[in-house]
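# Structural overview
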Amino acid sequence: MGTINPAIPTIGQPNSTEDADIRNGMITIRDEINGNLDNDNIKSAANILGSKLATNSVAPSKLTNGTAGQLLIANGSGVVTSTTVTGDVTINSSGVTQIGAGTVGTTEIADNSINHDKMTNNSVNTDELHNSAVTTAKIADDAVTADKIADNAVVTAGISNNTITAAKIKADAWTSYTPTWTAISTNPSLGNGTLTGHYIQLGKIVFFRIKLTFGSTTTAGNGSWSLTLPTNHAHPDYSPIGDIVLLDSSEVAFSIGTAMTTISALGGGADKFVSYYQTASGTNASSVGSSNPFAWANNDTYSITGTYEAA
């Protein structure tokens, strides 16, 4: 057998077809390494370490697409994946987060973190207040007005001795009303006379005053007179309720007497009263009416003031 003398060609000095192929292959590898390595020359399963990537070389557009509002989160295997945020907070595609309804409870609220500015008007009602939570020191001066006090909220036991003075009692105006004037037989007619009534009621007590002034066209009717009260009386039968003064203007003479409730048959009742005056003899009392105690004429007056218990 003869001696085999293989000739190993020198790269860059081609002397055969094989030598040219080797040289071309080396040039290709060199060019790929110098930055021309394309996608077709990288294995699908290649694991390129982060250290091999240049800073800022991977743009967000090169990452796997996700859905709106997802975040890139490493899973249990350390692989970063697009993940939908769940739980108490949600996030939209613009990056805006929102706390879910009913997720903030008492334990999530820091002490002293909710002040008056954070509360809407009327947000705290009676049910939210602990017993004895509102003390005198917590009530601002003049903060409790009449509108804030429930009906019947202040009872006698809650009023200190000597705290209600005359200056503290409201001076309500008297209410006007027009009494109804009748007689047992024929009703009188007011004509151009005047008949006025006023009253004020404090609890069950009623104070009232009435004045009748005859005019030139006023007629007295026939029989005993009765006048209506501003409210029904609690004790309608034979209860004295006030004083009367009768003026005969032509004689400048006065008669006095008593207003009292009486039975309906005599012109009285729960809603009205009759009046009696002392006769000249002083032995009997007669009812005020069309001809008593004198013949009624222009400018004569009939005045009553009284007090009674309302029904």
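Residues numbered from 1 in each chain as written. Predicted model: local features only at pLDDT ≥ 70, side-chain atom pairs only at ≥ 80, totals over all residues. Heavy atoms only, no water.

### A look at the overall build of the protein
Under the convention used in this document: The secondary structure listing takes helices from DSSP runs of H or I that are at least 4 residues long and strands from runs of E that are at least 2 residues long, numbered from the N terminus. Each residue's exposure class comes from its accessible area (1.4 Å probe, protein chains only) as a fraction of the maximum for that residue type: buried when under 20%, exposed when over 50%, partly exposed otherwise. Only heavy atoms matter for contacts: two residues are in contact if any of them lie within 4.5 Å across the pair.
Broken down by element type, the protein carries 1 helix and 14 strands. Going through the 311 residues of the protein one by one, you find that 20% of them count as buried. For the protein, long-range pairs separated by at least 24 residues make up 54% of all intrachain contacts whose partners lie at least 6 apart in sequence.

### Section: the packing of aromatic side chains
Rules: Any Phe, Tyr or Trp ring, taking Trp's six-membered ring, that has another such ring centre within 6.5 Å forms a pair; planes under 30 degrees apart are called stacked, those over 60 apart edge-to-face, and the others tilted. Ring-over charges, as used throughout, are those where CZ of Arg or NZ of Lys falls within 6 Å of the ring centre and within 35 degrees of the ring normal.
Scanning the entire structure with this criterion turns up 11 aromatic pairs. Note on Trp225 and Trp296: the rings are 5.0 Å apart at their centroids and 45° apart in plane angle, and the pair reads as tilted. Placement of Trp225 in strand S9 (residues 225–228) and of Trp296 in the loop between strand S13 (285–287) and strand S14 (301–309) is noted, with a sequence separation of 71 residues between them. Each of the two residues, Trp225 as well as Trp296, counts as buried. On the accessibility criterion, Trp296 (11% relative accessible area) is buried. Among the aromatic side chains, those forming a connected cluster through ring pairs are Trp181, Phe214, Trp225, Phe294, Trp296 and Tyr302. Directly above the aromatic system of Trp174 lies the positively charged group of Arg209, at a separation of 4.5 Å from the ring centroid.

### Concerning the pairing of S9
Note the cut-off: When DSSP finds two or more bridges between two strands, those strands count as paired.
With burial as the criterion, each face of S9 is covered, one bearing Trp225 and Leu227 and the other bearing Ser226 and Thr228. Where strand S6 (residues 181–183) and S9 come together, 3 bridges link them in antiparallel fashion. Looking at the pairing, Trp181 lines up with Leu227 of S9. Pairing of S9 with strand S12 (residues 272–278), which is carried by 2 bridges, proceeds in the antiparallel orientation. Residue pairing for S12: Thr228 is matched across the bridge by Lys272.

### Let's talk about the confidence of the model for the protein
So the rule is basically this: Every residue gets a pLDDT, meaning the predictor's confidence in that residue, from 0 to 100.
Mean pLDDT over the protein: 81, with 80% of residues reaching 70 or higher. Within the protein, the lowest mean pLDDT, 61, falls on helix H1 (residues 17–36), and the highest, 98, falls on strand S8 (residues 205–213). Low pLDDT (under 50) marks residues 1–6, which in the prediction has 0 contacts with non-local residues, meaning those over four places away or in another chain.

### Here we look at the pairing of strand S11 (residues 253–260)
For strand S10 (residues 240–248) and S11, the ladder comprises 8 bridges, and the chain directions are antiparallel. Paired with Asp243 across the strands is Thr258, a residue of S11. Here S10 hands over to S11 after 4 residues, with Val252 in that stretch at a positive phi of 50°. Two strands pair when backbone bridges link them, and S11 and S12 are joined in this way by 4 bridges, in the antiparallel orientation.

### Some points on the layout of surface pockets
To find the voids left in a structure, one rolls a probe of water-molecule size over its atoms. How we decide: Here the term cavity refers to a set of points on a 1 Å grid, laid over the protein atoms alone, in which a 1.4 Å probe fits but cannot get out; the term pocket refers to an open set having protein on both sides within 12 Å along at least five of seven lines, with lining residues being those that place an atom within 4 Å of a point. Grid points are joined across faces, edges and corners, and a volume is the space filled by probe spheres set on the points.
Space inside the largest pocket adds up to approximately 650 Å³. If you trace the largest pocket, you find it lined by Val124, Glu128, Leu129, His130, Ala133, Val134, Lys138, Ile139, Ala140, Ala143, Val144 and Lys148.

### Some words on the side chain of Thr261
Threshold: Here a polar contact is recorded for every N or O atom pair within 3.5 Å, except that within protein the pair must consist of a potential hydrogen donor and a potential acceptor, and residues adjacent in sequence are included only if both atoms are side-chain atoms.
Mapped onto the elements, Thr261 comes out in the loop between S11 and S12. Thr261 gets classed as buried once you look at its relative accessible area, which sits at 0%. Looking at Thr261, its side chain comes within polar contact range of the main-chain oxygen of His235, at 3.2 Å. Filtering out sequence-adjacent residues up to four positions away, Thr261 remains in contact with His233, His235, Pro236, Asp237, Tyr238, Ser239, Ile241, Gly269, Lys272 and Phe273.

### Quick notes on unusual backbone geometry
Note that the residue after Asn292, namely Pro293, is joined by a cis bond; omega there is 0°. The topology assignment puts Pro293 in the loop between S13 and S14. Phi angles above zero are rare outside glycine, and Asn162 is one such case at about 65°. With respect to the helices, strands and loops of the structure, Asn162 is situated in the loop between strand S4 (97–99) and strand S5 (175–177).

### Quick word on the nonpolar core
Rules: We define a nonpolar core as any set of buried Ala, Val, Leu, Ile, Met, Phe, Trp, Tyr and Cys residues linked to one another through side-chain atoms lying within 4.5 Å.
Counting residues in hydrophobic clusters, the biggest one holds 26 residues, and the most contacted among them are Trp225, Phe273, Tyr302 and Ile304. For this core, the leading source of residues is S8, giving 4 residues.

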